[in-house]
Amino acid sequence: MMEFNFATFKAQFPALKSDNTYLDSASTSLKPKPMIDATSNYYTNSTATILRSKHSQSIALTEQFEQARTLTRQLINAKDSHEIIWTKGATESINLVAQSYAKALLKAEDEIIVSELEHHSNLIPWLQVSKQIGAKVIKWPIEADGQLSVDRLSSLITDKTRLITVTQMSNVTGQQPDIAAISKLAHLNNAIIVVDGAQGIAHHRLDVQKLDIDFYAFSTHKLYGPTGLGILYGKSNLLTKMDCWQGGGKMLQTTSFNDFKAAPLPYKFEAGTANIAAVIGFYATLTWLSSFDWVSAEIYTCNLVDYAKSKLNSLPEITIHSVENSSLLTFSSDTIYHDDLAILLAEQNIAIRSGELCAKPLIQALNCKGVLRASFMPYNSHDDADRLVNALHAAVQILK
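Heads up: these notes are all about the structure in this document. Just so it is clear, the model here is predicted, and its values are computed rather than measured.

**A look at the environment of Leu-223**
Relative to the helices and strands, Leu-223 is located in the loop between strand 7 (215-219) and strand 8 (230-234). Here Leu-223 falls in the buried class, since its relative accessible area comes to 0%. With 59 residues separating them along the chain, Leu-223 and Phe-282 place their C-alpha atoms 9.0 Å apart. Beyond its immediate sequence surroundings of up to four residues, Leu-223 is in contact with Ser-29, Leu-75, Ile-201, Ala-202, Phe-282, Thr-285, Leu-286, Leu-289 and Trp-294.

**Comments concerning the nonpolar core**
Residues Ile-76, Tyr-216, Leu-223, Phe-376 and Leu-388 are the most contacted members of the largest nonpolar core, which totals 96 residues. In contact with Ile-76, other than residues within four places in its own chain, are Ile-84, Ile-201, Leu-206, Asp-207, Val-208, Tyr-216, Phe-218 and Tyr-233. Core analysis: the second largest hydrophobic core is formed by 26 residues, Ile-85, Ile-192, Leu-239 and Met-242 among them.

**Some details on the pairing of strand 8**
Along strand 8, 5 of the 5 residues are buried, which leaves the element largely enclosed by surrounding structure. Side chains Gly-230, Leu-232 and Gly-234 of strand 8 all project onto a buried face; the interleaved residues Ile-231 and Tyr-233 project onto the opposite face, where all are buried too. Note: strand 2 (residues 84-87) against strand 8, 4 bridges, orientation antiparallel. In the sheet register, Trp-86 faces strand 8, and the bridge partner there is Ile-231. Here strand 7 pairs with strand 8 via 5 bridges, running antiparallel. Note on strand 8: the bridge partner recorded for Ala-217 is Leu-232.

**Notes on the packing of aromatic side chains**
Evaluated as defined, the whole model comprises 17 aromatic pairs. Taken together, a centroid distance of 5.0 Å and an interplanar angle of 85 degrees make the contact between Phe-9 and Phe-292 edge-to-face. Of the two residues, Phe-9 is situated in helix 1 (residues 6-10) and Phe-292 in the loop between helix 9 (276-289) and helix 10 (294-312); the sequence distance between them amounts to 283 residues. Centroid distance Tyr-224 to Trp-288: 5.7 Å. Interplanar angle 80 degrees. Geometry classified as edge-to-face. Placement of the pair is Tyr-224 in the loop between strand 7 and strand 8 and Trp-288 in helix 9, with a sequence separation of 64 residues. Like Trp-288, Tyr-224 is buried. Site record: aromatic cluster; members linked through ring pairs are Phe-4, Phe-6, Phe-9, Phe-13, Tyr-224, Trp-288, Phe-292, Tyr-300 and Tyr-379. The side chain of Arg-205 reaches across the aromatic face of Trp-294, ending 5.3 Å from its centre.

**Concerning the side chain of Glu-118**
Along the polypeptide, Glu-118 turns up in the loop between strand 3 (111-115) and helix 5 (124-133). There is no salt bridge for the buried Glu-118, and the closest opposite charge comes from Lys-222, which lies 13 Å off by N-O distance. A distance of 2.8 Å separates polar atoms of two side chains, one belonging to Glu-118 and the other to Asn-122. The contacts of Glu-118, once residues within four sequence positions are left out, are Thr-165, Val-166, Thr-167, Asp-196, Cys-358 and Ala-359.

**Looking at the pairing of strand 6 (residues 192-196)**
Burial analysis of strand 6 places 5 of its 5 residues in the buried class, which makes it a mostly covered element. Residues Ile-192, Val-194 and Asp-196 point to one face of strand 6 and Ile-193 and Val-195 to the other, with burial holding for every one of them. Handedness of the β-α-β unit built from strand 5 (residues 161-167), helix 7 (residues 179-188) and strand 6 comes out right-handed. Across 3 bridges, strand 6 lies against strand 7 in parallel orientation. By the bridge assignment for strand 7, Asp-196 is matched with Ala-217.

**Focus on the sheet that holds strand 15 (residues 371-375)**
Strand order in the open sheet formed by 4 strands is 11-12-15-14, with antiparallel pairing between adjacent strands. Each edge of the open sheet is held by one strand with a lone partner, namely strand 11 (319-320) and strand 14 (353-355). For strand 14 and strand 15, the ladder comprises 3 bridges, and the chain directions are antiparallel. Residue pairing across strands places Arg-353 opposite Arg-373, the latter belonging to strand 15. Packing of helix 10 onto the sheet brings it into contact with strand 11 and strand 12 (328-332), and relative to strand 12 it is tilted by some 25 degrees. In the packing of helix 11 (residues 338-347) onto the sheet, the strands contacted are strand 14 and strand 15, and the crossing angle to strand 14 comes to about 160 degrees.

**Observations regarding helix 2 (residues 33-45)**
Counted at 1.5 Å a residue, the expected span for helix 2 with its 13 residues is 18 Å, and the 17 Å between its end C-alpha atoms agrees. What helix 2 keeps buried is the set Met-35, Ala-38, Thr-39 and Tyr-42. Viewed end-on, helix 2 has its buried residues packed into an arc of 95 degrees, placing them on one side of the element. Exposed residues pointing more than 90 degrees away from the buried face of helix 2 are listed as Thr-44 and Asn-45. Against the buried residues of helix 2 lie helix 3 (56-76) and helix 9.

What counts, and where the lines are drawn
Residues numbered from 1 in each chain as written. Predicted model: local features only at pLDDT ≥ 70, side-chain atom pairs only at ≥ 80, totals over all residues. Heavy atoms only, no water. Helix = DSSP H or I, 4+ residues; strand = E, 2+ residues; numbered from the N terminus. Buried < 20%, exposed > 50% of the residue type's maximum accessible area, 1.4 Å probe, protein only. Contact = heavy atoms within 4.5 Å. Core = buried A, V, L, I, M, F, W, Y, C linked by side-chain atoms within 4.5 Å. Pairing = 2+ DSSP bridges. Phe/Tyr/Trp six-rings, centres within 6.5 Å; stacked < 30°, edge-to-face > 60°. Lys NZ or Arg CZ within 6 Å of the ring centre and 35° of its normal. Lys, Arg positive; Asp, Glu negative; His and termini not counted. Salt bridge = Lys/Arg side-chain N within 4 Å of Asp/Glu carboxyl O. Polar contact = N/O pair within 3.5 Å; in protein donor to acceptor, adjacent residues only side chain to side chain. Right-handed = clockwise from strand over helix to strand, strands pointing away. Axes fitted to C-alpha atoms, helices over the stretch in contact; angles between N-to-C directions. Expected span 1.5 Å × (residues − 1). Arc of directions from axis to C-beta.

Rendered as structure tokens:
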């Protein structure tokens, strides 16, 4: 593993050759050349299906497809590769747990605790399943400082609590809840923990065994990988007793017009033809990422945010909502509409995100109508931060 070097890292991203300043990586990261090349090579030279055909191309692709699963297992330190399920994204992964675990195994009046930090992808599936079975969704609210309190969580847990779900990292504030303490508290009360890693996985590697996490979901497109691919990790004992969510080819061992026998893990949850190109691309992404020092890359990124934040302190119109030591710079204005600021920045070829960020309950808790979020990655520079700050100063002068 080489020490992080900005120039070397940035050179891997063809999209950075344009004049745009890309600060919307929390929506989706830019893609490195190894991932692009691997995906292109699949479509150009190696197109075949996997796990079915007996010809050499299919066999070679099947091997690489499963190697990608092994690398993903290593990434989060899962115990077995069959605990890694390919999905369309973090959203589908969470829905799979809601429909195949919660709907089947929870009862009416059981309680599901959901933190107020959550993206809609980790709220709506639980609201849906609660309506389906008569369970209750319990809000775990943020405190006055915007943080989650484990003591508050303890006070919300009852003998009906069956599941606690929380983000690894807020996509609005960048807060990282204490997953270790939450997991311990959940298991002491005979509940399971579901962690949404969609935002956190690109910045902080997570050890699912050490933290005793029951289910963990993330998408590859925020981790320099392709779109349309996600991962669900689940403990073997939980996945085994869950019913198949979707039916079709590849997810069964035998079938008749009367019944079928599901395939073993992980295939019983992977009906139909997989997103083969994306898995091959993610394999290349993980191989490439293994050569970089994640910790020093994240320190570099957070220092960029601190640099930009220090230059925004002179703008009284701006209120910052993101936490310290974060790759996110999230802010709002009481006097200027967030989308107006975003449009003026876009005219300067600066890409950021504005609005409710698919986290309306949290935005309301922050007493905002909407925010602006500049999200940094190790391929960004001090020049990017300067362009953002200078454009914001100009935009505020125009709009106020």
